[in-house]
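Survey of secondary and tertiary structure
If you want the building blocks of each chain, they are given just below.
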Amino acid sequence: MVTNSNSNSKVGIVLVGHGSRLPYGKDVLSQLAEIYRQESDHPVEIGFMNMNKPSIPASINKLSQMGVEKIVVTPVFLAPGVHTTEDIPRILGLKNNGDESHDHKHEHGHSHDHGEIEEIHFHGEIIYTDPLGPDPKIVSIIKDRVNNAI
C-alpha cells in the first residue's frame, strides 16, 4: 500500500551551482542543501556545472539509484542567463546539442567543457525551475546585512 509520505520519497531535489576554483561556492551550496534536507522529506543533492563535484548528471544519477521518479532541478542563481537558459538545460538533456544556441560564446573568461558532459541514467521526469529571481525573501536578507553593517 502506497501512502502519501511514501510518495514524497519518489521526488528528489537537485540544487545547482556554477562551480568555482575557490571552495566558498561549494560550501554555501552544501550548507543550503543541508538546511533544505532538515526541512524536507525529499532527498536533496547538489550538482555543479563545472570545476566542482558532484556534477549535475552525477547528482541526478545518485537520486535515480535511490528510486526517485521525479527530480526537481533548481539553479541557485539570482538571474536568468546563458547558464540557466542554455547550459544547464543542455546538461539535463532538455535542450538539443544541435540547437543554434549551442554556438553562443561565453565572454566571461572561463571554460565549461561542454564536450565532456556525463551521461544521465534517469528515465523519470525532470522538472527544471527558474533561478531565484527578485524574491522578497532575498530583499529581506539584503536588509538584514545592511542593518547589521550600520
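Residues numbered from 1 in each chain as written. Predicted model: local features only at pLDDT ≥ 70, side-chain atom pairs only at ≥ 80, totals over all residues. Heavy atoms only, no water.

**Digging into the pairing of strand 2 (residues 44–48)**
- Most of strand 2 sits out of view: five of its five residues are buried.
- Residues of strand 2 alternate between two faces, with Val44, Ile46 and Phe48 on one and Glu45 and Gly47 on the opposite face, all of them buried.
- Two elements, strand 1 (residues 11–17) and strand 2, share five bridges in a ladder whose sense is parallel. Within the sheet, the bridge partner assigned to isoleucine 13 lies in strand 2 and is valine 44. (Buried < 20%, exposed > 50% of the residue type's maximum accessible area, 1.4 Å probe, protein only. Helix = DSSP H or I, 4+ residues; strand = E, 2+ residues; numbered from the N terminus. Pairing = 2+ DSSP bridges.)

**A short note on helix 4 (residues 82–91)**
- Taken across its 10 residues, helix 4 has eight buried, putting it largely inside the fold.
- All buried positions along helix 4 are accounted for by His83, Thr84, Glu86, Asp87, Ile88, Pro89, Arg90 and Ile91.

**Concerning the environment of glycine 93**
- The topology assignment puts glycine 93 in the loop between helix 4 and strand 4 (125–128).
- Placed 33 residues apart in sequence, glycine 93 and isoleucine 126 show a C-alpha to C-alpha distance of 9.4 Å.

**Digging into the nonpolar core**
- Ranked by size, the top nonpolar core spans 15 residues in total, and within it Ile56, Ile60, Ile71 and Val73 carry the most contacts.
- Those residues within four positions of isoleucine 60 in sequence are excluded, and the remaining contacts are Val14, Ile71, Val73, Leu92, Ile120, Phe122 and Ile126.
- One finds Ile13, Leu29, Ala33 and Phe48 within the second-largest nonpolar core, a separate group that totals nine residues. (Core = buried A, V, L, I, M, F, W, Y, C linked by side-chain atoms within 4.5 Å. Contact = heavy atoms within 4.5 Å.)

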